[in-house]
Amino acid sequence: MFDTIGTSFQSGGSRCAAWLTCPTGAGPFPAVVLVHGFGATHEMRLAQYEQAFAAAGTAVLSFDFRNIGASEGTPRQLISVRRQLTDIDAALDFIRRDPKVDGSRIALWGTSMGATHALLTAARHPELAAAVMQCPVVNTMDAAFSSGLRHVLRLAGPITDDLVRAALRLPRRYIGVVGEPGSSAMVTVPGARDGWYGMVPAGVDFDNRVTAAVGAQLVTLNASRKAGKIKSPLLVCVSDHETLTDPRIAVKTAERAPRGVAIHYPADHFEVYHAPLVDGIIADQVAFLTRHLGLSGALHA
């Protein structure tokens, strides 16, 4: 059994909304911090991971980045890799201070672009007990060009406009997070819009906007180059039919990490979150965390 409670922590002067799921009992429990993907929020299918990991005997902390979802911060829908890495550091500090958590047994889990954040964080935190990445987008430069050079050039104007507006402290320029091919959204590969909205529960509004300036970061970032610096055991769950980036990048990332291992799945970028694949993928992640967090596995069916 386990319970989920709403909580929060401070990062950069703003409140990050967070959710802590703990097994019953006194603890101390190992913990897993969940990092969601680009523009996504806690409501977008994180509950299945919270429940599965807690059932295996870990505390689980999930949160919304600043400026997104239930968290504070303006302008809304501001995405900055640097700021979000600060949020993850704040989440790690927060969970380590919880009296029900064993601070020496903390793992990091990242999905989609959250894998970039998890990789960069794990490279800076050798004390982490383990790291897990699924459907990883760890070379956003490659992902940015997945819709072609014409798409990148189409975004150059909005990106430049927003950079100028940010410098002058003017209202920000927004573009869509995801859209149909040929649109001016950030992600426009075929099927991406349906995949993104397929993550949103009924009755929940998805704010399909992002400050355009983040595109300047994404088109130059290749986090996979840092994989060799990760000292922790690393599980890379590779989607062999990946639609947002080249799956060979995920395989190479696992090979570069000193303690990396890759498991392959016959999935595109979004199928990993849904039946019939999701239960098996989660079971593999639980098995990995059981080994490296010292879980007995007794609570996991």
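Residues numbered from 1 in each chain as written. Predicted model: local features only at pLDDT ≥ 70, side-chain atom pairs only at ≥ 80, totals over all residues. Heavy atoms only, no water.

A.B. asks: Help me understand the pattern of salt bridges, please; the structure alone is not making it clear to me.
C.D. replies: Pairing between side chains of opposite charge can happen when their charged atoms approach one another. Counted according to the given criterion, the structure contains twelve salt bridges. With a closest N to O distance of 3.7 Å, Arg 15 and Glu 72 form a salt bridge. Linking Arg 15 in strand S2 (residues 14-23) with Glu 72 in the loop between strand S4 (59-63) and helix H2 (81-96), this pair joins segments that are 57 residues apart in sequence. Salt bridges sharing partners connect three or more residues here, namely Asp 93, Arg 96 and Glu 127. (Salt bridge = Lys/Arg side-chain N within 4 Å of Asp/Glu carboxyl O. Helix = DSSP H or I, 4+ residues; strand = E, 2+ residues; numbered from the N terminus.)

A.B. asks: Just checking my understanding: could you explain the sheet that holds strand S9 (residues 234-239) for this structure?
C.D. replies: Here eight strands make up an open sheet; going across it, the order is S1-S2-S4-S3-S5-S6-S9-S10 and the pairing mixed. Strand pairing shows two members of the sheet lacking a second neighbour, strand S1 (2-11) and strand S10 (260-265), which therefore form its edges. Neighbour-to-neighbour, the strand axes of this sheet turn through a mean angle of 20 degrees, independent of strand direction. The sheet contact formed by strand S3 (residues 29-35) and S4 spans three bridges and is parallel. Within S4, the residue paired with Ala 31 across the bridge is Ala 59. (Pairing = 2+ DSSP bridges. Axes fitted to C-alpha atoms, helices over the stretch in contact; angles between N-to-C directions.)

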